[in-house]
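Coordinates in review
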Amino acid sequence: MGIRDRLFRLLAEAPVDAEAIEHDGAWWTWGQVQETARNVTHALDTAGPGAGARVGVVLENRPEHVAVVAAVLASGRCLVMLSPLQPAARLAADVTRCAPPVVVLGAEPPASEAVLAAVTAHGAALRLDADGAVRHTGGAAPVDPAARTGVAVEMLTSGTTGPPKRVHLRDEQLDQALVSGGQTPKGGRLLSGSASLVATPLVHIGGLWRALGCLATGRRMLLLPRFAVEPWADAVERHALRAASLVPAAIRAVLDADVPRERLASLQAVTSGTAPCPAELADAFFRKYGIPVLMTYGATEFAGAVAGWTLPLHERWWERKAGSAGRALPGVELRVTGDDGTELPPGRTGRLEVRTEQSTQGGRTWVRTSDRARIDADRFVWIAGRADDAIIRGGFKVQPETVERVLETHPAVREAAVAGLPDVRLGAVPVAAVETEPGRPSPAVAELVALCRGQLMPYEVPAHIVVVDALPRTPSSKVSRVELLDIVRARLAHPTTA
C-alpha cells in the first residue's frame, strides 16, 4: 500500500477519538485531523483543481498543516512546499516562481498581505485557521491548471550554498524511501500505540519524511514547532521513546545543556542526518548517555536516506568504522566513479553514484551526486565532501573540508566552515568562520592562520578568518555558506568590528 492509499485509509477509517498529534501540550485526535482534511479537500474541489493538480502549502509545524499534507496527497494532488521560514519577500518571490493554482496559507503567514498578493496574482488563496476551518480569501484558480501526474511533492532543498531549488518527488520515490527506512505498518494494523518525535521543519525533507513515517506506520506524532533541548528531552522522557532523531547541531546542544542521563534512559538509538556528524561528537554522546548515534546519508533528491547505520552494525563495526555514513539501505545500490565515469575500486575517492527507486530518475539509472566519497572493502560509505564545494583559487583546487578539519584541531574551535569568496584576480579564495567553544577564550585570528600555514598547502590557507559565537545555519541546521560569506564581507567592510 503506497503512502497516498495509506493516507486515504487513515482519513476514512481511523477512530475519531484516537490520539493523532501532540502539539503545544495538547492532543489532536484523528477526528480533528479527518475534519480538517475534509475541509481542505472540499475547498480544493470548490476551487477547481482536481487530481494531479499542484497545491502550494506554506507549511508550518502545526497539526492542521499535517492534515493539509494528508488531504492533498490522499486526494491525488501534488504538494508544493512553500517555506514560512524565509523572509516575506523571498516567500512571495517563491510563490510567483512556482505559481501553484491554489495556495493554502496558515492563520498568520509572514507578511500576509505581500504573500497574499503574490498568490492571488495567478491563483486562489485559501486560509487555514488553527481549528482546521478553511476560507477562500481571494483570487481564482486557472480553469485548466497544469498537473503533475505521478509527482507527489515539489520539495525545497535546504539552500546551504545558494537559493533553494525544487525537486519533484514521485509517488514511487516516497513509497520506496519509507520501505527502505523501515516505515511500514506492522501486522496490518491501522494505528500503533507507539509515538515518534518530529522536531525538524516539515517543509524540509527530514521533517516531512518523519511525519510521513508516523502516518505510514500509524504511530502518534509528537510535533514540536522547532527543536529546543527542553521540549525535546521532555517528549523523550514522558513518552519513554526508544528512538529519536537529532541533527549534529542538536546533538551538541543536548550535550551542552547537560541533560541528565536518566531523562533519556528509554532511548536505544539516536539517528542523525541532514549534515555529516563528526565521529568525535557521536562518541561524546555515546560516552555520556550510552546511546548509539546512527548516522545516515541522503538527499532531498532521494526522498530521504539511502545509506545509514543500524544497531547491529554499530555493535559490530563502530570501533573500526566511526565516521562512516554506514552502508546502503535495502533497495539501494551505491558506487564511486572517477571523472570519466569509470567505477573505482574499494577505497578510492571519487563521485558517489546512487541507483534506487528513491531516485527522481527511477530505479534503473545511476544518479551522479555532488558528493565525493569512497566505499571501503566492507561496503561502508565515507563522505569526503561535496564536489561542487571545491574552491578554485588561481587554478588550485581547495576542498573546504580539508581546511575545516585543520581549524577544528584548535582547542578553542568548536566548528569551522569554509566557503569560496569571489576574487577578480584568482577566481575565488577560501574564507573561514569558526565557532568558539563555550567557556574558552576566543582564539586570535593570527593564531588560526599560523595553524593553517603549518598544516596546509599555501593556496589552502584561508584569505580571511572570522571568529563568531555561532555559525549561521539554515532552518535544517546546516551551516549556511551564503550567510557565512555575508558575515565575511561585512567584517571586511568594517574591520574594526571584528
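Residues numbered from 1 in each chain as written. Predicted model: local features only at pLDDT ≥ 70, side-chain atom pairs only at ≥ 80, totals over all residues. Heavy atoms only, no water.

The helix and strand tally for the protein chain stands at 14 helices and 25 strands. Whereas a compact globule of 498 residues would reach a radius of gyration of roughly 23 Å, the protein chain reaches 23 Å, a difference of no more than 12%. In terms of overall dimensions, the protein chain has C-alpha extents of about 65 × 50 × 50 Å along its principal axes. The buried share of the protein chain, reckoned over its 498 residues, is 53%. Considering only intrachain contacts with a sequence separation of at least 6, the fraction spanning at least 24 residues in the protein chain is 60%. (Helix = DSSP H or I, 4+ residues; strand = E, 2+ residues; numbered from the N terminus. Rg over C-alpha atoms; globule rule 2.2 N^0.38 Å. Buried < 20%, exposed > 50% of the residue type's maximum accessible area, 1.4 Å probe, protein only. Contact = heavy atoms within 4.5 Å.)

For Ala99, which is not a glycine, the phi torsion comes out positive at approximately 45 degrees. Turning to its location among the elements, Ala99 is positioned in the loop between helix H4 (88-98) and strand S5 (102-105). With a phi close to 60 degrees, Ala303 is a non-glycine residue in the positive phi region.

The next thing to look at is the nonpolar core. Counting 57 residues, the largest nonpolar core has Trp30, Val153, Leu212 and Met221 as the members making the most contacts within it. When residues of this core are assigned to their parent elements, the largest contribution, 9 residues, is made by helix H3 (residues 63-74). Excluding residues within four positions of it along the chain, Met221 makes contact with Ala20, Ile21, Glu22, Trp27, Val66, Ser196, Val198, Ala211, Cys214 and Leu215. Within the second largest apolar cluster, 38 residues are counted, among which are Ala199, Leu246, Leu313 and Trp318. (Core = buried A, V, L, I, M, F, W, Y, C linked by side-chain atoms within 4.5 Å.)

For the rest of this paragraph, the subject is the environment of Glu64. If you trace the backbone, Glu64 turns up in helix H3. Take Glu64: its relative accessible area is 3%, and that puts it in the buried class. Sequence separation between Glu64 and Gln32 is 32 residues; the distance between their C-alpha atoms is 8.5 Å. Not counting the four nearest positions on each side in its chain, Glu64 is found in contact with Trp28, Thr36, Leu128, Asp129 and Ala130. Polar side-chain contacts of Glu64 include one of 2.5 Å to the side chain of Arg62. (Polar contact = N/O pair within 3.5 Å; in protein donor to acceptor, adjacent residues only side chain to side chain.)

Here the protein chain averages 91 in pLDDT, and 97% of its residues register 70 or above. When pLDDT is averaged over each element of the protein chain, strand S11 (residues 220-223) comes out on top at 98 and strand S22 (residues 396-398) at the bottom at 85. (pLDDT = per-residue confidence, 0-100.)

This part is about the pairing of strand S14 (residues 293-299). Alignment of strand S13 (residues 269-272) against S14, held across 3 bridges, turns out to be parallel. Residue pairing for S14: Thr271 is matched across the bridge by Leu294. Here S14 pairs with strand S15 (residues 304-308) via 4 bridges, running antiparallel. Of the residues in S15, the one forming a bridge with Ala299 is Gly304. Taken together, S14 and the strand that follows it, S15, pair antiparallel across an intervening segment of 4 residues, in which Ala303 is found at a positive phi of about 60 degrees. (Pairing = 2+ DSSP bridges.)

Another aspect to go through is the sheet that holds strand S19 (residues 367-375). A sheet is described by the order of its strands in space; here 4 strands give the open sequence S17-S18-S19-S20, paired in antiparallel fashion. One side of each edge strand has no neighbouring strand; the edge strands of this open sheet are strand S17 (332-337) and strand S20 (381-386). On average, each strand axis in the sheet is inclined to that of its neighbour by 45 degrees, with strand direction left out of account. Alignment of strand S18 (residues 350-356) against S19, held across 4 bridges, turns out to be antiparallel. If you follow Val354 over to S19, its bridge partner there is Val367. (Axes fitted to C-alpha atoms, helices over the stretch in contact; angles between N-to-C directions.)

Our focus in this paragraph is the sheet that holds strand S23 (residues 413-423). Judged by pairing direction, the sheet is mixed, and its 3 strands sit side by side in the order S23-S24-S25 without closing on themselves. The two strands at the open ends of the sheet, each matched to only one other strand, are S23 and strand S25 (464-468). Taking the axes of each pair of neighbouring strands and ignoring which way they run, one obtains an average angle of 20 degrees across the sheet. The sheet contact formed by strand S24 (residues 427-436) and S25 spans 5 bridges and is parallel. Each bridged residue has a counterpart across the sheet, and for Val434 the counterpart in S25 is Val467. Each of S23, S24 and S25 touches helix H12 (residues 400-407); the most contacted strand, S23, lies at about 145 degrees to it.

Assignment of secondary structure puts Gly290 in the loop between helix H10 (279-289) and S14. For the pair Gly290 and Ala265, spaced 25 residues apart in the sequence, the C-alpha separation amounts to 8.8 Å. Once you skip the residues sitting within four places of it in the chain, Gly290 turns out to touch Arg261 and Phe285.

This part is about H3. For H3, built from 12 residues, the straight-helix expectation of 16 Å at 1.5 Å per residue is met to within 8% by its first-to-last C-alpha distance of 16 Å. Three or more residues of H3 are buried, namely Pro63, Glu64, His65, Val66, Ala67, Val68, Val69, Ala70, Ala71, Val72, Leu73 and Ala74. Backbone geometry just after H3 places Gly76 at a positive phi near 80 degrees. (Expected span 1.5 Å × (residues − 1).)

Before going further, it helps to examine the side chain of Thr337. Summarising the element assignment, Thr337 is placed in strand S17. By relative accessible area, which is 0% here, Thr337 ends up buried. Within the structure, the side chain of Thr337 is placed 3.0 Å from the side chain of Glu353, a separation counted as a polar contact. With residues up to four places along the chain from it excluded, the contact list for Thr337 reads Thr342, Glu343, Leu344, Gly350, Arg351, Glu353 and Arg368.

To continue, consider helix H14 (residues 481-493). In an α-helix, one full turn covers 3.6 residues, which means residues spaced three or four apart are oriented alike. The end-to-end C-alpha distance of H14 is 18 Å, a good match for the 18 Å that 13 residues give at a rise of 1.5 Å each. Every buried residue of H14 is accounted for by Arg481, Leu484, Leu485 and Val488. When H14 is viewed along its axis, its buried side chains cluster within an angular range of 95 degrees and face the same direction. Taken together, the buried residues of H14 touch H12, S23, S24 and S25. (Arc of directions from axis to C-beta.)

A word on the pairing of strand S1 (residues 19-23). Counting buried positions along S1 yields 4 of 5 residues, so the element is predominantly enclosed. Inspection of the sheet shows S1 paired to strand S2 (residues 26-29) by 4 bridges, in the antiparallel sense. Looking at the pairing, Glu19 lines up with Thr29 of S2. Hairpin geometry of S1 and S2 is characterised by an intervening segment of 2 residues between the two adjacent antiparallel strands and by a positive phi of about 55 degrees at Asp24.

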